[in-house]
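# Commentary on secondary and tertiary structure
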Amino acid sequence: MNAVIPISPDDLGGPFVTADAGYFEVLAVREQVVLVEFHSRPIEIRWFDDFELMYCQRQHDPETFKVIRKATEDERKLYRVPLWIQGEEVPECCGRPMFFVGQIDDDRICTEPPEGAKLWWHDGASFYIFTCSQCLECKSVGQQF
Ligand SMILES: [Zn+2]
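Residues numbered from 1 in each chain as written. Predicted model: local features only at pLDDT ≥ 70, side-chain atom pairs only at ≥ 80, totals over all residues. Heavy atoms only, no water.

## As for the coordination of the zinc ion
Coordination of the zinc ion by the protein involves Cys93 (SG), Cys94 (SG), Cys132 (SG) and Cys135 (SG), with metal-donor separations of 2.3 to 2.4 Å. Taken together, the four donor atoms surrounding the zinc ion define angles of 104 to 119 degrees at the centre, an arrangement classified as tetrahedral. Each donor residue of the zinc ion lies on one chain, and together they are spaced C-C-x37-C-x2-C. Here cysteine 94 is found in the loop between β7 (92–93) and β8 (96–97), whereas its partner cysteine 135 is found in the loop between β10 (125–131) and β11 (138–144), with 41 residues between them in sequence. When its relative accessible area of 49% is taken as the criterion, cysteine 94 is described as partly exposed. (Donors = N, O, S within 2.8 Å, 3.2 Å for Na, K, Ca; no water. Tetrahedral: all angles 85-135°; square planar, octahedral: opposite > 155°, others 65-115°. Helix = DSSP H or I, 4+ residues; strand = E, 2+ residues; numbered from the N terminus. Buried < 20%, exposed > 50% of the residue type's maximum accessible area, 1.4 Å probe, protein only.)

Set out below in C-alpha cells:
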C-alpha cells in the first residue's frame with residue numbers, strides 16, 4: 001500500500017507527500033478505514049510523530065490511503081490495535097498467530113494484590129487477550145513497565 005499525506009492537517013485537499021510501504025506498518029484495515037503507524041516520515045511531514053497511530057481512508061485506488069488525523073483511543077480499541085508496553089508478543093495456536101481481542105489496562109481495574117501475594121503487578125501493567133480462529137482457545141499476555 002501507499003500513503004498520501006497532506007502536508008497540513010488543516011488542508012486535507014493537499015498539497016500532499018506520498019510515502020511507500022517502507023515508511024509505515026498497516027495495523028488494521030476495515031472497509032475504507034486503515035490504521036497505520038509510521039516508522040519514519042517524509043521530511044515535509046511535521047504534524048504527527050513516528051509511531052503515532054494514524055486514522056487513514058482508502059482512496060479510489062484501494063492500494064492507496066490518505067492520512068486524515070491521529071486515531072483516538074476509542075478507535076484503537078474498535079479496530080483492535082494493541083498498545084504494547086514492551087515489544088510485540090503475539091502467541092501462536094494451531095500453528096499460526098492468534099488474533100488480538102482486546103486489552104485490559106491496570107488503570108481501569110482493581111490493582112490491590114490478593115492477600116498473601118508474594119508478587120503482584122504494579123503500576124503500568126497491561127493484559128492482552130488473544131483467541132485462535134481455528135479452535136477458539138484463548139490466551140493472555142501480560143506486560144509491565
Ligand atoms: Zn488453536
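## Structural notes on the packing of aromatic side chains
With the rule as written, the count across this model stands at eight aromatic pairs. An aromatic cluster is built from Phe24, Phe38, Trp47, Phe48 and Phe65, whose rings are joined through pairwise contacts. Its end group placed over the ring of tyrosine 55, arginine 69 keeps NZ or CZ at 4.2 Å from the ring centre. (Phe/Tyr/Trp six-rings, centres within 6.5 Å; stacked < 30°, edge-to-face > 60°. Lys NZ or Arg CZ within 6 Å of the ring centre and 35° of its normal.)

## So, the sheet that holds β11
On the basis of which strands lie adjacent, the open sheet formed by three strands has the order β9-β10-β11 and antiparallel pairing. Edge positions in the sheet fall to β9 (99–105) and β11, since each has one partner strand and no second. Geometrically, the sheet is characterised by an average inter-axis angle of 20 degrees between neighbouring strands, direction not taken into account. In this structure, β9 lies alongside β10, joined through six bridges in antiparallel fashion. By the bridge assignment for β10, glycine 102 is matched with isoleucine 129. (Pairing = 2+ DSSP bridges. Axes fitted to C-alpha atoms, helices over the stretch in contact; angles between N-to-C directions.)

## Examining the sheet that holds strand β5 (residues 53–58)
One open sheet holds the six strands; their spatial order is β2-β1-β6-β5-β4-β3, and the pairing between them is mixed. Here the strands that pair on one side only, and so sit at the sheet edges, are β2 (16–19) and β3 (24–30). Taking each pair of neighbouring strands and ignoring which way they run, the sheet shows an average axis angle of 35 degrees. Pairing of β3 with strand β4 (residues 33–38), which is carried by six bridges, proceeds in the antiparallel orientation. Among the inter-strand pairings, alanine 28 is bridged to a residue of β4, identified as leucine 35.

## Points about the side chain of glutamine 143
For glutamine 143, the position within the fold is in strand β11. A relative accessible area of 3% places glutamine 143 in the buried class. Among the polar contacts made by the side chain of glutamine 143, one reaches the side chain of glutamate 89 at a distance of 2.6 Å. Non-local contacts of glutamine 143, meaning those with residues more than four positions away in its chain, are made with Trp84, Ile85, Gln86, Gly87, Glu89, Trp121, Gly124, Ala125, Ser126 and Tyr128. (Polar contact = N/O pair within 3.5 Å; in protein donor to acceptor, adjacent residues only side chain to side chain. Contact = heavy atoms within 4.5 Å.)

## A short note on the domain arrangement of the protein
Structurally, the protein comprises domain 1 (2–78) and domain 2 (92–113 + 120–144). With centres defined by C-alpha atoms, the gap from domain 1 to domain 2 works out at 27 Å. (Domains from an automatic or database assignment.)

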